[in-house]
Amino acid sequence: MTGVDEPSQAVLVETQTRHLLLVTQLLFFFSLAWCLILNHSQTAENDGISFYGVYHQTVPLLIGGYGVAFVGLWRTSTHFKSAGVPTLTWLGLRVIAVLLFVLLATPFNQGAFLDWTHMVAGVLGAIFQLEVALQLVRESRSFRTVLGLAVLLIGGGIAAASLPDWHFEYLLQGEIIFQVGFSWCLVEWTYALAQRMNVV
């Protein structure tokens, strides 16, 4: 490949990755918004996004949203791997993608074992999402990347504070803010990817 071809190929990969993330993340949030329209009860606020995986009217929507997110995360991880992004980051995206289906396969309201499995999968997913965001800031520190991380941390803090029985019942809102922050960081990663490939 010539020196002229390499930047062109790099730009193509970076642009395709960003478009892929934008489309799949928007579809995920569209499915989540539809779930909210169908049911935004106090129970949903207490149980978080997981509620939509057990509520009969929203199960197909959440499966579709998670399925689209899985494709976006997995294909993005492939682009990240080829660009030399740290292993824990691109591998973390694949773990997050797989954990989406673990969450769907472990309805939290069907006994203690499934409830604990569901909770562990959710915590692991959040830890890997945090790692992806932190690595982004290490890779490309800017106002936008730090702000994306801040949104993720604010959402995570709200969600974590809602788990104990403190009568602070904003788990759903916290999880949604957390996911917005994570999505923001994913898109910002594509710009960091461009810088890594020396095409910006």
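Residues numbered from 1 in each chain as written. Predicted model: local features only at pLDDT ≥ 70, side-chain atom pairs only at ≥ 80, totals over all residues. Heavy atoms only, no water.

A. Looking closely at the confidence of the model for the protein chain. Averaged over the protein chain, the pLDDT score is 90; the fraction of residues at 70 or greater is 90%. Across the protein chain, the element-wise mean pLDDT spans from 84 in helix α1 (residues 5–38) up to 96 in helix α4 (residues 87–105). (pLDDT = per-residue confidence, 0-100. Helix = DSSP H or I, 4+ residues; strand = E, 2+ residues; numbered from the N terminus.)

B. Summary view of the packing of aromatic side chains. Across all of its chains, the model carries 9 aromatic pairs by this definition. Geometrically, the ring pair formed by F70 and W74 is stacked, given 5.6 Å between the ring centres and 20° between the ring planes. Taken together, the residues F70 and W74, both in helix α3 (residues 59–82) and 4 residues apart, mark about one turn of the helix. Judged by its relative accessible area of 24%, F70 is partly exposed. A connected cluster of aromatic rings, assembled from ring pairs, spans F28, F29 and Y66. Positioned above the aromatic ring of Y191, the side-chain terminus of R18 is 3.7 Å from the ring centre. Across from the ring centre of Y191, 4.9 Å away, lies the NZ or CZ of R144, which sits over that ring. (Phe/Tyr/Trp six-rings, centres within 6.5 Å; stacked < 30°, edge-to-face > 60°. Buried < 20%, exposed > 50% of the residue type's maximum accessible area, 1.4 Å probe, protein only. Lys NZ or Arg CZ within 6 Å of the ring centre and 35° of its normal.)

C. Examining the nonpolar core more closely. The biggest cluster of nonpolar side chains holds 39 residues, and the ones touching the most others in it are Y52, L73, L93 and F182. When contributions to this core are tallied by element, the ones reaching two or more residues are α1, α3, α4, α5 (112–139), α6 (143–162) and α7 (171–196). The element that contributes the greatest number of residues to this core is α7, accounting for 9 residues. (Core = buried A, V, L, I, M, F, W, Y, C linked by side-chain atoms within 4.5 Å.)

D. A look at the side chain of T106. Structurally, T106 is set in the loop between α4 and α5. Classification of T106 as buried rests on a relative accessible area of 6%. When neighbours within four sequence positions are excluded, T106 is seen to be in contact with L114, T117 and H118. (Contact = heavy atoms within 4.5 Å.)

E. View of the packing of α5 against α6. It is at 9 Å that the axes of α5 and α6 come closest, and there the two elements cross at 160°. What the angle tells us is that α5 and α6 run roughly antiparallel. Note on packing geometry: the crossing formed by α5 with α6 is left-handed. Counted together, Q129, L130, A133, L134, L136 and V137 of α5 and T145, V146, L149, L152 and L153 of α6 form the full contact between these two elements. A class-by-class count of the residues in the contact of α5 with α6 yields 9 nonpolar, 2 polar and no charged. (Axes fitted to C-alpha atoms, helices over the stretch in contact; angles between N-to-C directions. Parallel < 35°, antiparallel > 145°, perpendicular 65-115°, else oblique. Left-handed = near helix turned anticlockwise from the far one by under 90°. Nonpolar A, V, L, I, M, F, W, Y, C, P; charged D, E, K, R; others polar.)

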